[in-house]
Amino acid sequence: SQQGEEDPQALSIQEGENATMNCSYKTSINNLQWYRQNSGRGLVHLILIRSNEREKHSGRLRVTLDTSKKSSSLLITASRAADTASYFCATDESSNTGKLIFGQGTTLQVKP
Amino acid sequence: DVKVTQSSRYLVKRTGEKVFLECVQDMDHENMFWYRQDPGLGLRLIYFSYDVKMKEKGDIPEGYSVSREKKERFSLILESASTNQTSMYLCASRADRGWDQPQHFGDGTRLSIL
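These figures come from a predicted structure and were not determined experimentally. (Residues numbered from 1 in each chain as written. Chains lettered and ligands numbered in written order. Predicted model: local features only at pLDDT ≥ 70, side-chain atom pairs only at ≥ 80, totals over all residues. Heavy atoms only, no water.)

Re the overall build of chain A
Our working rule: The helix and strand labels rest on DSSP assignments: H or I over at least four residues marks a helix, E over at least two residues marks a strand, and numbering proceeds from the N terminus. Radius of gyration means the value over C-alpha atoms here, while the globule rule gives 2.2 Å times the residue count to the 0.38 power. Only protein chains enter the accessibility calculation, which uses a 1.4 Å probe. A residue is then buried if its area is under 20% of the maximum for its type, exposed if over 50%, and partly exposed in between. Should any heavy atoms of two residues lie within 4.5 Å, those residues are considered in contact. Each accessible area is a Shrake-Rupley estimate made with a 1.4 Å probe; only the visible protein chains count as cover when residues are assessed. Positive charge is attributed to Lys and Arg, negative charge to Asp and Glu, and no charge count is given to His or to the chain ends. The location of each charge is read from NZ of Lys, CZ of Arg, CG of Asp or CD of Glu.
Summing up its helical and strand segments, chain A has 0 helices and 11 strands in all. Written out in order from the N terminus, the α and β elements of chain A read β-β-β-β-β-β-β-β-β-β-β. Here the C-alpha radius of gyration of chain A, 13 Å, is about what a compact globule of 112 residues would show, namely 13 Å. Each of the three principal axes of chain A carries a C-alpha extent, and together these read 45 × 30 × 20 Å. For chain A, the proportion of its 112 residues judged to be buried stands at 46%. Sequence-distant contacts in chain A: of pairs separated by 6 or more residues, those separated by 24 or more amount to 55%. Surface exposure of chain A reaches about 5100 Å², of which carbon and sulfur atoms provide 44%. With 13 positive and 11 negative side-chain charges, chain A shows a spacing of 3 Å between the two charge centroids.

Observations concerning the sheet that holds strand β6 (residues 55-58) of chain A
Residue and element names in this part refer to chain A. Worth spelling out the cut-off: Between any two strands, pairing holds if DSSP finds at least two bridges. To obtain an axis, a line is fitted to C-alpha atoms, over the contacting stretch when the element is a helix, and the angle between two such axes runs from 0 to 180 degrees between their N-to-C directions.
Ordered in space as β1-β3-β8-β7-β6, the 5 strands form an open sheet in which the pairing is antiparallel. At either end of the open sheet lies a strand with only one pairing partner, and these are β1 (5-7) and β6. For this sheet, the mean inter-axis angle between neighbouring strands, taken without regard to orientation, is 15°. Relative to strand β8 (residues 71-76), strand β3 (residues 19-24) runs antiparallel, the two being bridged by 6 bridges. Considered in β8, the bridge of threonine 20 is made with leucine 75.

Section: the environment of alanine 82 of chain A
Residues and elements named next belong to chain A. Among the secondary structure elements, alanine 82 is positioned in the loop between β8 and β9 (85-93). For alanine 82, a relative accessible area of 61% corresponds to the exposed category. Along the chain, alanine 82 and isoleucine 13 lie 69 residues apart, while their C-alpha atoms are 12 Å from each other.

Here we look at the sheet that holds strand β7 (residues 64-70) of chain B
Residues and elements named next belong to chain B. The 4 strands lie next to each other as β1-β3-β8-β7, forming an open sheet whose pairing is antiparallel. In this open sheet, the two strands that pair with only one neighbour each are β1 (4-6) and β7. Neighbour to neighbour, the strand axes of the sheet diverge by 20° on average, direction disregarded. Note that strand β3 (residues 19-25) and strand β8 (residues 73-78) share 6 bridges and pair antiparallel. Along β8, the bridge assignment pairs valine 19 with leucine 78.

A look at the pattern of salt bridges
Residue and element names in this part refer to chain B. What counts, and what does not: By definition here, a salt bridge exists when the distance from a side-chain nitrogen of Lys or Arg to a carboxyl oxygen of Asp or Glu is within 4 Å.
For the structure shown, the criterion picks out 11 salt bridges over all chains. Salt-bridge contacts for glutamate 79 lead to lysine 18; the nearest nitrogen and oxygen are separated by 3.8 Å. Of this pair, glutamate 79 sits in the loop between β8 and β9 (87-94) while lysine 18 sits in the loop between β2 (10-13) and β3, placing them 61 residues apart in sequence. Taking the relative accessible area as the measure of exposure, glutamate 79 reaches 39% and is therefore partly exposed.

Some details on the state of the cysteines
All names here are of chain B. Heads up, the condition is: Any pair of cysteine sulfurs within 2.5 Å is marked as a disulfide.
Following the criterion strictly, the structure yields 2 disulfides over all chains and no others. One disulfide in the model links cysteine 23 with cysteine 91; its S-S distance is 1.9 Å. An S-S torsion of about -75° defines the bridge between cysteine 23 and cysteine 91 as left-handed. In this pair, cysteine 23 is assigned in strand β3 and cysteine 91 in strand β9, connecting sequence segments 68 residues apart. Judged by its relative accessible area of 0%, cysteine 23 falls in the buried class.

Notes on the pairing of strand β7 (residues 61-66) of chain A
Residue and element names in this part refer to chain A. By the bridge criterion, 4 bridges tie β6 to β7 in an arrangement that is antiparallel. Pairing of lysine 56 across the sheet is with valine 63, part of β7. In this structure, the hairpin formed by β6 and β7 is closed by a connection of 2 residues, where glycine 59 is found at a positive phi of approximately 60°. Where β7 meets β8, 6 bridges bridge the pair, whose relative direction is antiparallel. Among the inter-strand pairings, aspartate 66 is bridged to a residue of β8, identified as serine 71. If you look at the hairpin formed by β7 and β8, you'll find 4 residues sitting between the two strands, and lysine 70 has a positive phi there, around 50°.

Now the structure itself:
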């Protein structure tokens, strides 16, 4: 079952600009995670935000979580061509199974 | 760093064959997962395992089985491959140290069933 819905599906920006991706989900969660996938490769974990946190930073990444709206956003500041990838949000349900439910992803293209 | 290794990056098999996809992790993680990834459908969980000899069905287990005889290895089996199982298969592992652990992924196996 799909939990996360991501918006936009595709995003194209110039190097140096900021990129914002949004994720909505449906059920109660323990945490929400963001992953990156380069073309033809596996997913790489970027950042995890717990349900009791509202904002988290990691380098050029900023993640926000609004549990009342069941939504999250990922901001990549000062983007680089190397940021070109697909980005997925994933929710860890509060049932404590350890299962993640992934959104369909946002494809980001950063033009040099 | 955690390393999750999938035995093949690309695999071509014929309809009706029994297909084995292997995944090995080197971090003594308890939890392991198999997903398939298809355009427009995202990642869907096939099976997962909490520990050795344990398995749980995910969202799309039909046509698949799994084996976890050793902690580091989690195998996905296509009992009788069909063309609709052509997909990218991703394996992941996760430490069982609470609910705030990320999953670590292998590079995937792109499987084509002819």
